[in-house]
Amino acid sequence: GSATPPRFVLLSATFTQATYEALRGWFEDVGEGEMRVAGSLRLRGEMASVREKIAAEGVSSDKEQRKARLERLLPLLPRPFYIYATQPEDVACLAAMLKQSGVQRSEQVHGGTSTKVRRDIIERLKHAKLDAISANSAFGLGLNVSNVRAVVHACVPDGLDRYYQEMGRGGRDGRDALA
C-alpha cells in the first residue's frame with residue numbers, strides 16, 4: 001500500500017512572523033494539504049522587571065561589580081529563582097556564589113549536564129526541594145515549572161527574544177514574579 005505522509009506539530013510560545021514564514025517554507029510540501037496554524041492566546045500579567053546599570057567605578061572590573069551586586073541581591077530574591085549566565089564556566093561560578101551566600105538548596109544546569117541529572121533537578125524544583133538554579137540558555141527549553149518567583153540575568157542575553165523567553169519562565173502560575 002501507499003505510505004501515509006508524515007504529520008508535524010510545531011509548538012512554541014515565541015514564534016515570530018519570520019519564524020512562521022521559515023517553517024512554512026520548510027514544511028508546507030512535506031505532508032498532505034496546507035500548513036495549518038492554530039493559535040492560543042493566553043494573557044498573563046507581565047513580570048515586574050528591575051535593571052541595574054553596571055558602570056566601571058574605581059579599580060573594580062565590571063565582573064567584580066556584578067558579583068558584588070549579585071551577592072547583595074541573593075538574600076532578597078523570592079524563591080525559587082533562576083539565575084542565568086552565558087558560558088558554562090560562568091554558570092559554575094554562579095553556583096559557587098549561591099552556596100557561599102547561603103543558598104544551599106541550589107543546583108547548576110548547562111549544556112554539559114546529563115539528561116538524568118537535569119530531570120532530577122527539575123523534579124526537585126517542582127516539589128519545592130530547591131531554592132535556586134544557575135543555568136545558561138541550555139536550561140529551560142520545554143520546561144514548565146509554575147512556581148518560579150524570580151529570573152535573574154547575570155549577563156546580557158544573546159538577544160531580546162532569548163531574554164523574553166527566559167524571563168517568561170517565572171510566574172507561570174499567574175502569581176507575582178520578578179525579572
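(A) Examining helix α2 (residues 62-73) more closely. Its twelve residues give α2 an end-to-end C-alpha distance of 16 Å, which sits within 8% of 16 Å, the value for a rise of 1.5 Å per residue. Residues of α2 that are buried sit in contact with β1 (81-84), α3 (88-100) and β4 (150-153).

(B) Focus on the nonpolar core. With 15 residues, the main nonpolar core has L70, L74, L77, F81, I83, L94 and L98 as its most contacted residues. Listed by contribution, the elements that provide at least two residues to this core are β1, α3 and β4. It is α3 that provides the largest number of residues to this core, a total of four residues. Once residues lying within four places of it in the same chain are set aside, the contact partners of F81 are L74, L98, D131, A132, I133, V148 and A150.

(C) Region of the structure containing the sheet that holds β4. One open sheet accounts for four strands, arranged β2-β3-β1-β4; its pairing is parallel. Sheet topology places β2 (106-109) and β4 at the edges, where each strand pairs with a single neighbour. Put simply, the sheet's adjacent strands are angled 20 degrees from each other on average, direction ignored. In the sheet, β2 pairs with strand β3 (residues 132-135) via four bridges, with the strands oriented parallel. Looking at the pairing, Q108 lines up with S134 of β3. With respect to the sheet, helix α4 (residues 115-126) is in contact with β1, β2 and β3, its orientation differing from that of β2 by roughly 140 degrees.

(D) Here's a closer look at a nonpolar patch on the surface. A cluster of nonpolar side chains, F8, L10 and F15, forms an exposed patch at the surface whose accessible area comes to about 270 Å². In this structure, F8 sits in the segment before α1 (17-27).

(E) Structural detail: the packing of α2 against α3. Closest axis-to-axis distance for the α2/α3 pair is 11 Å, and the angle between their directions is 40 degrees. When the axis of α2 is compared with that of α3, the two are oblique. Along this stretch, α2 crosses α3, giving a crossing that reads as right-handed. Every residue of α3 that contacts α2 at K63, K67, L70 and E71 is listed here: D90, L94 and M97. In the contact of α2 with α3, the residues fall into three nonpolar, no polar and four charged.

(F) Focus on the pattern of salt bridges. Inspection of every chain in the model, using the stated rule, returns seven salt bridges. D120 is paired through a salt bridge with R124; the nearest N and O atoms lie 3.4 Å apart. Remark: R124 and D120 occur in helix α4; sequence separation between them is four residues, near one turn of the helix. Residue D173 is joined to R149 by a salt bridge in which the shortest nitrogen-to-oxygen separation is 2.9 Å. Of this pair, D173 sits in the segment after α5 (160-167) while R149 sits in the loop between β3 and β4; the two residues are 24 residues apart in sequence, bridging distant segments of the chain. Connected through salt bridges with shared partners, the residues E107, D120 and R124 form a single ionic network.

Rules used in this analysis
Residues numbered from 1 in each chain as written. Predicted model: local features only at pLDDT ≥ 70, side-chain atom pairs only at ≥ 80, totals over all residues. Heavy atoms only, no water. Helix = DSSP H or I, 4+ residues; strand = E, 2+ residues; numbered from the N terminus. Expected span 1.5 Å × (residues − 1). Contact = heavy atoms within 4.5 Å. Core = buried A, V, L, I, M, F, W, Y, C linked by side-chain atoms within 4.5 Å. Buried < 20%, exposed > 50% of the residue type's maximum accessible area, 1.4 Å probe, protein only. Pairing = 2+ DSSP bridges. Axes fitted to C-alpha atoms, helices over the stretch in contact; angles between N-to-C directions. Patch = residues over 30% accessible without salt bridge, like charges linked within 9 Å, V, L, I, M, F, W, Y side chains within 5 Å. Areas by Shrake-Rupley, 256 points an atom, 1.4 Å probe, with all protein chains shown as cover. Salt bridge = Lys/Arg side-chain N within 4 Å of Asp/Glu carboxyl O. Parallel < 35°, antiparallel > 145°, perpendicular 65-115°, else oblique. Left-handed = near helix turned anticlockwise from the far one by under 90°. Nonpolar A, V, L, I, M, F, W, Y, C, P; charged D, E, K, R; others polar.

That is the geometry; function is a separate question.
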